[in-house]
Each structure stands twice: as structure tokens, then as C-alpha cells.
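The residues making up each chain are set out below.
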Number of protein chains: 2
Amino acid sequence: MLKLTKKADYGLIALKHLAMRNPAETASAKDIADAYGIPLPLLSKILQKLAKSGFLRSEQGTNGGYRLARDPREMTALEVIRSIDGPIILTSCFTEHGECHHSGRCSVREPLRKVHDGILRLLNNITIRDIASEDMEVPAPDVDVQVYRLKPSGLAAHASK
Amino acid sequence: MLKLTKKADYGLIALKHLAMRNPAETASAKDIADAYGIPLPLLSKILQKLAKSGFLRSEQGTNGGYRLARDPREMTALEVIRSIDGPIILTSCFTEHGECHHSGRCSVREPLRKVHDGILRLLNNITIRDIASEDMEVPAPDVDVQVYRLKPSGLAAHASK
DNA sequence: CGATATAGGACCGAACCAGTCCTTGATTAC
DNA sequence: GTAATCAAGGACTGGTTCGGTCCTATATCG
């Protein structure tokens, strides 16, 4: 039902945390876990993944921890989420490389691919730096270019379970 | 991992199917299930839900079945998905009504809300009619307004599990 | 009546998510 | 050298959700 995993959340939180600090100092997994109430062993694995994916540089030993490996402006939410959760697949009809195993029968594949690409684009246009900058009141321009043509009931409507 | 459920897929497929037929005739759940290889009892419940949500009108008895209850231009993918899968919540930090139970600690809530709204907008801008029109090569204009500013590696990159 | 429909409750296996536990190994402080 | 502090990573578990099946009840037409 179109939800991000908590791991992805935690990963973004951690990266934001690191992006807002002096890049010279490291923060340990425990520091971050404590700061946001995230279970330490869980966060550890997320940070390990982010390190392996090249977002973080890790330092072992006393006073070790993690620091950003790249400029936060060069880390998109899309990359981060993909590195933690794996590829984003809107519908099982296509993997990120395409191909539906249902052959030609899945008639909504192409329309949904548009949505899929739109979501990727959305996530790709948000960087860790955007997230770390406190005043997201003025969002990245091209994220909000689209006309907000919702009907009054649109977003407020709430489908009962 | 940001995936639509198969139920939502099936629901969209069914609505598209109905939208492309003569609105005077009904199609039974079995017809649709057979046409797309969807398990009948599963599809039945989806159609029931869609009927209860006002997308379909159902007719029981021999030669019964389903027909669209409204103009397909007035049914958005967002409404359909919500009616089948329930509310879309990008992150557990906020329900569709807002409110994070982690109080102030979840620092990425606001940035993610932008993504969340973007996705809703995306889905809200696609109608069943859009999906049913075969030539989606020319997509709804405001869905694709955004600049496609992906780095070369962007969409192709594939995060290993 | 009997065939064909929808309506809907109960149930089940598999997958995945979130989280825990435990061990290993590197680095620094003492 | 030893202890403390850190990351690395494998194994496991409880819970939830998803996808799907089964079965019964009810409505409608021939």
C-alpha cells in the first residue's frame, strides 16, 4: 500500500542528522539511535548498508562512527531508499528493468509506468541537503511545478478500510 | 518498498476493462478474471469493494455483473487505490490525517510529506479514462511537466539487495 | 427448480517487516 | 597488554500483511 519502510525512514533521518553536523566529526550509531529513539542494532545495519553503498564512511574503534562520504547535495532520496529497501517497484508487473511475466495481459502496465517514473523523479529531485535544510517551506522548485488540481474532496477523502 | 498491491492492480485492470466496453452491457467478475488470468474469488472481493465505494454498480442474477457507476473521467487512480488498499501512507510517521506518534523526534516528516503529496497529486491526476485510452504515449500533460533532471546513472542504477 | 450472478465471512501459507541476539574484528585509551 | 568502544554481519523471531482459497448465503433470470 505504497509505504516506505521504517528502515528507509531511519536511513534518511541518520543522513539528515549527519548532514547537519560538522562534517569533520563522526557520529556513532549509538549517538543517532539515542537521539531519535531508534533501536541501535537495527540502525547499525542500516548504516552499514549506507556505508557499503558509498553514502557513509565508517571508522571503527573508540571515537569512531560514521560521517558522510559525499556532498549531501549529491545524495538523492531515491538513491538512499533504493540502497536500503532495494529497487522501487510500483507494481509487480514490472521490475525496475521492465518485463511483465504476465505477457501482454496486464493492460495497465504502461499507464502505471508513468506513475512509477513520476515517483522516481519526485524522489530523485530531493537531496539529503534539501531534507537537512530546516526551511523546507520553500521546497525544491521542480518538485512542486505541477498544478495542484485536486478536487476539494480529493486529498481529504479517506477511504474506509 | 513502495509497491502497489496486486489488488489495486487488479482493480485498475477491471475498471479499465469496463471503461473500454459499451457501458450498457455488464461484465461479470468471471469474465474479467478469465480475460486477465486473475483468480476469480479474489477479483470478486475487489469488485465488491469498488461497488461499495461507488465506482461500480452491480447486478445480481443471470446475465448480471458489473458496470461503471460513474464517468471514467471522474475516477482517479488515487481514489481507486485508496478504496481498495486503504489510505496511502508514505511513512508511518504520518497517517493521511497527519500526526506522528514519535512527537518531535522524527525529523524527516515534513520533507517526506512533500514527497507524499507529490505522489498523491500524481495519482490524482490519472483517471480511469486515461488508463483506458490506449494511446498513453501522450500522457496527461501535467503529470509530466516536471523536468526530467536525472543523472545518467539515476534511474538505471539498481540497488543490490 | 436450477443455473448464474453478487455478497461476504473464515481461513491459510508465504513473504516481508521490524526488531533482537550474538559473535567477530578493528581501533583507541589507559 | 588489556579493556573499552566502535563497526560488521550472521541467525533468528514475532507480527503483520498480502495473495489466494473455500464455503455459504442471497438475488435474479430462464
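Just above sits the structure.
Counting starts from 1 at the beginning of each chain's written sequence and moves along it residue by residue. Whichever chain is written first is A, and whichever ligand is written first is 1; the rest continue in order. Under the rules for a predicted model, residues below a pLDDT of 70 receive no local features and side-chain atom pairs below 80 are neither given nor counted, while totals for whole chains, interfaces and linings still include all residues. Only heavy atoms go into the side-chain values, all of them from the structure, while hydrogens and water stay out.

Okay, the overall build of chain A next. By the criteria applied, helices consist of DSSP H or I runs no shorter than four residues and strands consist of E runs no shorter than two, each listed in order from the N terminus. When helices and strands are counted, chain A shows 6 helices and 2 strands. When the helices and strands of chain A are read in sequence order from the N terminus, they spell out α-α-α-β-β-α-α-α. The buried label applies to any residue whose accessible area, calculated with a 1.4 Å probe on protein chains only, is under 20% of its type's maximum; exposed applies above 50%, and partly exposed to all values in between. Split into buried and exposed, the 161 residues of chain A put 52% on the buried side. Here the contacts in chain A between residues at least 6 apart in sequence split such that 56% fall between residues at least 24 apart. Note on areas: Shrake-Rupley with a 1.4 Å probe; residue coverage comes only from the protein chains shown. Of the accessible surface of chain A, which amounts to about 7600 Å², a share of 52% is contributed by carbon and sulfur atoms. Here a residue-residue contact requires only that any non-hydrogen atoms of the pair lie within 4.5 Å.

Our focus in this paragraph is the pairing of strand S2 (residues 65-68) of chain A. Residues and elements named next belong to chain A. With 4 bridges connecting them, strand S1 (residues 56-59) and S2 associate as antiparallel partners. Along S2, the bridge assignment pairs Arg57 with Arg67. In textbook terms, the turn of a hairpin is the stretch between consecutive antiparallel strands, and for S1 and S2 this stretch comprises 5 residues, one of which, Gly61, has a positive phi near 85 degrees. Paired strands are those between which DSSP finds at least two bridges.

Attention now moves to the protein's contact with DNA strand C. Whether a residue is near a molecule or strand depends on its heavy atoms: it is near if one of them lies within 4 Å of it. Taken together, 24 residues lie near DNA strand C, and Lys45 and Gln60 of chain A together with Ala29, Ser58 and Tyr66 of chain B sit nearest. By atom count, sugar and phosphate contribute 69% of the portion of DNA strand C lying within 4 Å of the protein. Here a sugar or linking oxygen of DNA strand C sits 2.7 Å away from a polar atom, N or O, in the side chain of Gln60 of chain A. In this structure, a phosphate oxygen belonging to DNA strand C sits 2.7 Å away from a main-chain N or O atom of Ala29 of chain B. Residue assignment for the surface near DNA strand C shows that the elements contributing at least two residues are helix H1 (6-19) and helix H3 (40-52) of chain A together with helix H3 (40-52), strand S1 (56-59) and strand S2 (65-68) of chain B. Residue classes in the surface near DNA strand C are distributed as 7 nonpolar, 12 polar and 5 charged. Definition of a polar contact: a pair of N or O atoms within 3.5 Å, with one able to donate and the other able to accept a hydrogen when the atoms are protein atoms, and with sequence-neighbouring residues admitted only if both atoms are side-chain atoms. Residues are grouped as follows: Ala, Val, Leu, Ile, Met, Phe, Trp, Tyr, Cys and Pro are nonpolar; Asp, Glu, Lys and Arg are charged; all remaining types, including Gly, are polar.

On to the packing of helix H4 (residues 77-85) of chain A against helix H5 (residues 109-124) of chain A, then. Residue and element names in this part refer to chain A. Close contact between H4 and H5 brings their axes to 6 Å; oriented N to C, the two are set at 110 degrees. As judged from the angle between their axes, H4 and H5 are roughly perpendicular. Facing Ala77, Leu78 and Ile81 of H4, the residues of H5 in contact are Leu120, Leu123 and Asn124. Its residues placed into classes, the contact of H4 with H5 shows 5 nonpolar, 1 polar and no charged. Think of each axis as a best-fit line through the C-alpha atoms, taken over the contacting stretch in the case of a helix, with angles from 0 to 180 degrees between the N-to-C directions. By definition in this entry, angles of less than 35 degrees are roughly parallel, angles greater than 145 are roughly antiparallel, angles of 65 to 115 are roughly perpendicular, and the rest are oblique.

This part covers the environment of Thr91 of chain B. Relative to the elements of secondary structure, Thr91 of chain B occurs in the loop between helix H4 (77-85) and helix H5 (109-124). Separated by 38 residues in the primary sequence, Thr91 of chain B and Ser53 of chain B place their C-alpha atoms 25 Å from one another. In contact with Thr91 of chain B, not counting residues within four places along its chain, are Lys3 and Asp9 of chain A together with Leu112 of chain B.

Right, let's get into H5 of chain A. Each turn of an α-helix holds 3.6 residues, which means side chains three or four residues apart point in the same direction. Given the number of residues in a helix, its expected span is that number minus one, multiplied by 1.5 Å. A rise of 1.5 Å per residue sets the reference length of H5 of chain A, with its 16 residues, at 22 Å; its end C-alpha atoms lie 22 Å apart and thus fit the reference within 8%. Those residues of H5 of chain A lying buried are Pro111, Leu112, Lys114, Val115, His116, Gly118, Ile119, Leu120, Arg121, Leu122, Leu123 and Asn124 of chain A.

Turning next to the packing of H1 of chain A against H4 of chain A. All names here are of chain A. Contact geometry of H1 with H4 gives a least axis separation of 9 Å together with a crossing angle of 130 degrees. If you check the angle between H1 and H4, you find them oblique. The chirality of how H1 crosses H4 is right-handed. Residue-level contacts link Lys7, Ala8, Gly11, Leu12 and Leu15 of H1 to Ala77, Val80, Ile81, Ile84 and Asp85 of H4. By residue class, the composition of the contact of H1 with H4 is 7 nonpolar, 1 polar and 2 charged. In this scheme the handedness of a crossing depends on how the near helix is turned from the far one: anticlockwise by less than a right angle means left-handed, clockwise means right-handed.

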